[in-house]
Amino acid sequence: MSTPRPPRRRVAAAAAPAAPPDPMGWIGPEIKSLRKAKGLSLQALAQACGKSIGFLSQVERGISQATISDLHAIAQALGVQINWFFPPGDAAPSDGGTVVRKAQRRQLPFASGIADFLLSPNLDGPLELLWSVMEPGADSGEAYRHAGDEAGVVIRGRLELWVGTQFFALAEGDSFSFASTLPHRYRNPGDTRTELVWVVTPPSY
């Protein structure tokens, strides 16, 4: 007579780890609502900004993230500046709109490893001040252009900068200035974080 086997225990499947929150989760819905407010179809927006319908659909649904150059192209096609997509700050600037405290900076992070912090209390004046933090290998994407002029200084790390047909390798303490109407892009070629301050006039980032 065979010995009865003990009943098998059902092992509960381990719960999948929760996905980290999308640091740009508000961007897609903002693009979609602005597109609809302007009466544009995905196809019309795709034609205007030179991106595929599938890519734009994924960006609107939060499946894909735009690079800086992607967001510039989308913003221009929608008739706004890229700074339109900065989220509201947690608190209003202090001292009558003159000072932005470190904890109150509005942040625009990108999947490419770049995070831009708005240092200006608002975008109503003649210039825009940004603090850009670039992880190793971070890249702004394809060259883009926009109205205005910009300048900056590398506070930490290294920076590769392309302006028009020129290429520059910058190190800590180096600064630059160029017309924003020239195609430009940049990347961090090092293995440590790069930090730099940008000034854009008029506010057109």
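If you're wondering where the values come from, they're calculated on a predicted model, not measured in any experiment. Chains are numbered independently. Their residues run from 1 in the order of the written sequence. Since the coordinates come from a predicted model, pLDDT governs what is reported: local features require at least 70, and pairs of side-chain atoms require 80 or more to be given and counted, while whole-chain, interface and lining totals use all residues. Hydrogens and water molecules were not included; the side-chain quantities draw on all heavy atoms of the structure.

Asker: Would you mind going over the pattern of salt bridges with me for this structure?
Answerer: Close approach of charged atoms allows side chains with opposite charge to pair. Take a side-chain nitrogen of Lys or Arg and a carboxyl oxygen of Asp or Glu: if they are within 4 Å of each other, that pair is a salt bridge. According to the stated counting rule, one finds seven salt bridges in the structure shown. The salt bridge involving Glu60 is made with Arg35; its shortest N-O contact spans 2.7 Å. Linking Glu60 in helix H3 (residues 53–60) with Arg35 in helix H1 (residues 27–37), this pair joins segments that are 25 residues apart in sequence. With relative accessibility at 10%, the residue Glu60 sits in the buried group. A run of DSSP states H or I qualifies as a helix once it reaches four residues; a run of E qualifies as a strand once it reaches two. Both are numbered from the N-terminal end. Note on exposure labels: buried denotes an accessible area under 20% of the residue type's maximum, exposed denotes more than 50%, and partly exposed covers the range between, all computed with a 1.4 Å probe on protein chains only.

Asker: I keep staring at the sheet that holds strand S7 (residues 175–179) and nothing clicks. Help me out?
Answerer: The strand order across the open sheet built from six strands is S1-S2-S3-S9-S4-S7, with neighbouring strands paired in antiparallel fashion. The two strands at the open ends of the sheet, each matched to only one other strand, are strand S1 (106–109) and S7. Strand-to-strand twist of the sheet, defined as the mean angle between neighbouring strand axes without regard to direction, takes the value 20°. For two strands to pair, DSSP has to find at least two bridges joining them. Where strand S4 (residues 149–156) and S7 come together, five bridges link them in antiparallel fashion. Bridge pairing in S7 places Ala151 opposite Ser177. Every angle, taken between N-to-C directions, lies between 0 and 180 degrees, and every axis is a line fitted to C-alpha atoms, over only the stretch in contact when it is a helix.

Asker: Just checking my understanding: could you explain unusual backbone geometry for this structure?
Answerer: Only a minority of non-glycine residues have a phi that is not negative, and only a minority of peptide bonds are not trans. In this structure, Pro202 follows Thr201 across a cis peptide bond, with omega equal to -10°. Relative to the helices and strands, Pro202 is located in the segment after strand S9 (194–201).

Asker: Can you help me understand empty space enclosed by the protein in this one?
Answerer: A 1.4 Å probe that fits but cannot get out identifies a cavity on a 1 Å grid over protein atoms alone, an open set with protein on both sides within 12 Å along at least five of seven lines counts as a pocket, and a residue lines either if it has an atom within 4 Å of a point. Grid points are joined across faces, edges and corners, and a volume is the space filled by probe spheres set on the points. As enumerated under the stated definition, the model contains one cavity of 30 Å³ or more in all. Put simply, the largest cavity is a space of about 40 Å³. Residue lining of the largest cavity: His72, Tyr144, His146, Glu150, Tyr186, Trp198, Val200 and Tyr205, and that is the complete set. Taken together, the residues of the lining of the largest cavity sort by class into five nonpolar, two polar and one charged. In this classification, the charged set is Asp, Glu, Lys and Arg, the nonpolar set is Ala, Val, Leu, Ile, Met, Phe, Trp, Tyr, Cys and Pro, and all remaining amino acids, among them Gly, are polar.

Asker: Any chance you could explain the nonpolar core here in plain terms?
Answerer: Soluble, globular proteins show a tendency: their nonpolar side chains are buried together. Ranked by internal contacts, the top residues of the largest apolar core, which has 39 residues, are Ile31, Leu71, Leu108, Tyr186 and Tyr205. Here this core gets six residues from one element, more than from any other, and that element is helix H4 (residues 68–78). When sequence neighbours within four positions are dropped, the list of residues in contact with Tyr205 reads Ile68, His72, Gln81, Ile82, Asn83, Phe86, Leu108, Phe110, Asp116, Glu128, Leu130 and Val200. Throughout, nonpolar core names a set of buried Ala, Val, Leu, Ile, Met, Phe, Trp, Tyr and Cys residues whose side chains join them through atoms within 4.5 Å. Residues count as neighbours in contact if any of their non-hydrogen atoms are within 4.5 Å of one another.

Asker: Looking at this model, I keep getting lost on the sheet that holds strand S8 (residues 184–187). Mind explaining?
Answerer: Sheet strands associate in pairs through backbone hydrogen bonding, adopting either a parallel or an antiparallel arrangement. A sheet is described by the order of its strands in space; here three strands give the open sequence S6-S5-S8, paired in antiparallel fashion. Looking at which strands have only one partner, the edges of the open sheet turn out to be strand S6 (166–170) and S8. Strand-to-strand twist of the sheet, defined as the mean angle between neighbouring strand axes without regard to direction, takes the value 15°. Sheet topology note: the strand S5 (residues 159–163)/S6 ladder contains five bridges and is antiparallel. For Val163, the partnering residue across the bridge sits in S6 and is Gln166.

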